[in-house]
Amino acid sequence: PPYVLKADGLAAGKGVVISKTYDQAQSTLKNFFGGQFGEASKKVVIEEFLGGKELSAFLLTDGENYKMFPLAKDYKRAGEHDTGLNTGGMGSLSPVTYADEAFIRKIEEQIIQPTIQGLQRENIDYKGFLYFGLMKVGDTPYVIEYNVRMGDPEAQVVIPRMKSDLLEALQAVSNGSLKDYKL
């Protein structure tokens, strides 16, 4: 313990329960398989609990090059001191004060660059947003989830920090000029 149980389908950001005891995990599994999240919880993933601080990284890629957006942190769990269930996001902040330049370099070197290389190796011609739900455990970044969108509510604090035009960035992805684009 604690046990991390995740509905394997789309659950509006609410399909994760952290159970502190074995009995609580069994009860949660019964609820999941009983349809708590509908089709999303017909399959359940049980993961290792990572004690750390959550954060989100976003980028635009043209399949070869990428431009990172500012990092953000959203607040998911209801209740004082993150004691309740996941809500799917109820606010966020940026900048993330516990992610210094050295940590951001680790995110790029250990997660982002291997992801872009993996897409290329698999011949996946992907252009657009990549979202990395991360956990900072000590000084090490771990991936909690990937997505192909800008996260909400994080977008509400990241986009206003941009000094460049988002439409121009999207056009640079589309017309192949992202390498030379300054975000």
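Report on the accompanying structure. (Residues numbered from 1 in each chain as written. Predicted model: local features only at pLDDT ≥ 70, side-chain atom pairs only at ≥ 80, totals over all residues. Heavy atoms only, no water.)

If you walk through the whole model with that rule in mind, you get four salt bridges. Across the pair Lys42 and Glu39 runs a salt bridge whose closest N-O atoms are separated by 3.4 Å. Judged by relative accessible area, Lys42 falls into the exposed class, the value being 57%. On the basis of relative accessible area, Glu39 is assigned to the exposed category, the value being 62%. The shortest N-O distance in the salt bridge between Asp125 and Lys127 comes to 3.2 Å. Accessibility expressed as a relative area gives 42% for Lys127, which makes it partly exposed. (Salt bridge = Lys/Arg side-chain N within 4 Å of Asp/Glu carboxyl O. Buried < 20%, exposed > 50% of the residue type's maximum accessible area, 1.4 Å probe, protein only.)

A few words on the pairing of strand β8 (residues 128-137). Taken across its ten residues, β8 has nine buried, putting it largely inside the fold. In the sheet, strand β4 (residues 53-61) pairs with β8 via nine bridges, with the strands oriented antiparallel. If you follow Ser56 over to β8, its bridge partner there is Gly133. In the sheet, β8 pairs with strand β9 (residues 140-147) via seven bridges, with the strands oriented antiparallel. Counted as the bridge partner of Gly133 is Glu145 from β9. The turn linking β8 back onto β9 is made up of two residues, and Gly138 within it adopts a positive phi angle of 65°. (Helix = DSSP H or I, 4+ residues; strand = E, 2+ residues; numbered from the N terminus. Pairing = 2+ DSSP bridges.)

Everything listed here is a matter of coordinates, which is why it stays silent on function.
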